[in-house]
Amino acid sequence: MYTNYKMKYKNKLLLPLSAIFALTSLGYAQNNTPELSPMSVIGSKSNGPTLSSGMKTSMPTKDIPQSLSIISKDQINTQGMKNISDILDYTPGVNNSQGEGHRDSAVIRGMRTTQDFYRDGVRDDVQYYRPLYNIEQIEVLRGPNALLSGFGGAYGLINRVSKKGVIGDNFNTLSASIDTFGETVFQLDGNYEIDENKALRVNIFGENLENHRDYYYGDSFGVNPTLRMKLSDGGTLDISYEYLNQERFIDRGIPTGNNFMPIESLKDYVFADPSQNFSTHEAHIFKAVYEHELSDSLNGRFVASHSDHDKLYQNLYVSGYFNSPVTGDSTAALPIELDGYIDTTQRRTSVLNYSLNGEYETGSIVHNIIAGIEYIDTSNNNDRYNSDWNSTVAGGAEDEAIFALSRQTLNNGFGTGAITPLTTAGPISNNYTSDRKDKTLGDLSVFSIYVRDKIALMDNLDLILGLRYDHMKYDVESYSSSGVITSLPDSDDTLSPRAGLIFDLTKKASLYASYSETFTQIAGDQYASLKSWHNTLDPNTFGNTELGLRYTLPNGLNFSVSAFKVDSKMAEEFPANSGTYVHLEAETRGLELEFSGFLTEKWFLSAGYTSLDAENVNGDRLRESPENMFSIWNNYIVSDRLALNMGIIYQDESLMRQPKSDGTTYNQKLPDYTRLDVGASYTLTDNTHLQVNIENLTDEIYFPNSHSTHQATVGAPVHATFSITSSF
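Computed from a predicted structure; not experimentally measured.

Colleague: So what exactly am I meant to see when it comes to the overall build of the protein chain here?
Modeller: Counting its regular elements, the protein chain contains 6 helices and 36 strands. Within the protein chain, contacts between residues separated by at least 24 positions form 68% of all contacts whose residues are at least 6 apart in sequence. A total accessible area of about 29100 Å² is found for the protein chain, and carbon and sulfur atoms account for 55% of it.

Next up, the structure:
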């Protein structure tokens, strides 16, 4: 059996070594270190957020006909956000899915995705938890837009913008935190001037995870050096390498009861085996970005990226619960059905992209054009083995077993406790070697050409037109459980349009209307399967119609509102088991509002509201799509040294399981909840900053997300995180 503790202790050794490196590097710092203060933490209203160049635009945010949010590293740090999930909690139009406890998983306008993540505009679609230690800002774009994403991005995308070297400066920023569960995190951000044309920036992080559950652990380490160079042609070249090593326990939550809600009395139970529920991930990511000026009005950007990911996860989880009375005794027997599997992914992806961005005039009309070409080559090897119990248990499926388990035996592990099935006496064991579900070796190549033109029809009216062509080829060798190899090919040629109008009412207010399309491959968002009928149908398509208003108030507060409708056509066997495959249509409608900026010189506000009507072809509400979501975060500067903050999150009830197109629906729901977060920061010296963030101040019992029935995530009770940041 694989021993997960080996990697756990190896990573723990890496943490002190990295800390030593961080401390010794401080000697290179110069006197021009940044000062820390509450004002610098939340930023300046004179510098409004803009999208990064990786998003294939040079336009200010007000000229982009699409709903979007930009979250800076200052806001991330001040709110004490630790991961992508924390950011999505405070972003309109998106919410979190459980991700089976081992990956980022977002729900964008009612559509769950593990694919639509980007890094500097480069696809980052492997299933893992993405750290924030080396990130300058997060960009959340809502609505399909193939001009940016090519395939994928069915309802939007999430882009991380990397920190880059700063030429002409030297600084080190070291931060560390600990929370009341015992979780510790450290980060180093160091920038070192090599000469007048070069700078090296090094970001390092390490974490030792703990939480509120009966059993949990996790260790992660990452290092990301980035070299920035000014070239003789006036361009810049950024070369970076990132190494990640992550391991964590997988917790897929608790079951639901007779009332179709998560069973609150089981909120402390972890339905897993400490030795069999874990994920590991090792990654090597290389990237080079060359930006240069071809003329006074024309710029070029070349990106070359290669990533190598090795991912494993295995887990047991509750697939059935029989609602036996639960007493106050912590060792009371629980009749549950357990299922499980082990899954491995080895993915190598290379991306080449070159784009041009420039302006030219035709008569009295000014054009701003972006045109580019992109090539993606992906190799994806994947296999999965189901759990295989040593006893046939009546009432369970082939790869499931029914147990009468106590809390004590759950925490001791299924292989060591005196565990008795309801129908068979004696110990039960499991292996992941004899019941292979699938094995696939996939190769994906995508060639794309795209162009977008912003046309200034009048001083206050712009027309945006865009088109992207993609040629996608996908070949899979599928191995059956008996070893039979089946070769399955699929290829598609697609055209994805975009059109928009932007009308400036005043210098501070604008209206926009837009339509955009994108597509997704039928094989799914992780390239792990292909069926014989996939090459007989066109890809899934998504069209987004959107109307919006943006307005900057006199005090600097930015307001935006958008109403949207997404029409989708997704391939499915219909009716079920009929052998007939069609594209089923569905529709999602919604409204998003967002405030961001300064109410006064001392009061920073970020707030969002989402109203969502997400339904399938039968009019059934989609899973994990609350009808209403609301968030607000405030930061108030009390003095030059002290700042206070407060945030509130509200989420309506939502379904835990996807209704089927054949009319089958499920009643299990996540109840609505409200969470209150508060915090404070204090500038101890010019270069040292103390902070405390308290999450769930009212200690509400809540279940923020799920993966499916009987897999409800248990929200954390009230807890505090204490952090210190120093610049040298």
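That was the structure; now back to the text.
Colleague: Is there a simple way to explain the side chain of D453 in this structure?
Modeller: Checked against the element boundaries, D453 lands in strand β22 (residues 436-458). Within the buried core, D453 has no salt-bridge partner, and the shortest N-O distance to an opposite charge, that of R452, equals 5.9 Å.

Colleague: How should I be thinking about the pairing of strand β1 (residues 68-72) in this particular structure?
Modeller: For a regular strand, side chains alternate in direction, first toward one face of the sheet and then toward the other. The buried fraction of β1 amounts to 4 of the 5 residues, a majority that puts the element mostly inside the structure. Examined bridge by bridge, β1 and strand β7 (residues 135-142) share 5 bridges and lie antiparallel to one another. Paired with I70 across the two strands is E139, which belongs to β7.

Colleague: Would you explain the pattern of salt bridges in this entry?
Modeller: Opposite charge on two side chains permits them to pair, given that their charged atoms come into close proximity. Tallied over the full model, the rule gives 39 salt bridges. Notably, a salt bridge pairs K82 with D179, separated by 3.4 Å at the nearest N-O pair. Taken together, the positions of K82 in the loop between α3 (73-79) and α4 (84-89) and D179 in strand β9 (residues 171-179) put the pair 97 residues apart, joining distant regions of the chain. The closest approach of N and O atoms between D189 and R201, which form a salt bridge, is 2.7 Å.

Colleague: Whenever I open this one, empty space enclosed by the protein confuses me. Can you help?
Modeller: Regions of empty space are outlined by a rolling probe, equal in size to a water molecule, passed over the atoms. A complete count under the given rule lists 12 cavities of 30 Å³ or more for this structure. The volume enclosed by the largest cavity comes to roughly 150 Å³. Lining of the largest cavity is provided by 14 residues; of these, R123, D124, I285, S305 and S307 occupy positions nearest its centre. Where the lining of the largest cavity is concerned, the elements lending two or more residues are β6 (122-123), β14 (278-295) and β15 (298-321). Here the residues of the lining of the largest cavity sort into 4 nonpolar, 4 polar and 6 charged.

Parameters and conventions
Residues numbered from 1 in each chain as written. Predicted model: local features only at pLDDT ≥ 70, side-chain atom pairs only at ≥ 80, totals over all residues. Heavy atoms only, no water. Helix = DSSP H or I, 4+ residues; strand = E, 2+ residues; numbered from the N terminus. Contact = heavy atoms within 4.5 Å. Areas by Shrake-Rupley, 256 points an atom, 1.4 Å probe, with all protein chains shown as cover. Buried < 20%, exposed > 50% of the residue type's maximum accessible area, 1.4 Å probe, protein only. Lys, Arg positive; Asp, Glu negative; His and termini not counted. Salt bridge = Lys/Arg side-chain N within 4 Å of Asp/Glu carboxyl O. Pairing = 2+ DSSP bridges. 1 Å grid on protein atoms, 1.4 Å probe; cavity = no way out; pocket = protein on both sides within 12 Å on 5 of 7 lines; lining within 4 Å. Points joined across faces, edges and corners; volume = space filled by probe spheres on them. Nonpolar A, V, L, I, M, F, W, Y, C, P; charged D, E, K, R; others polar.

Everything listed is a geometric property; what it means functionally is a separate question.
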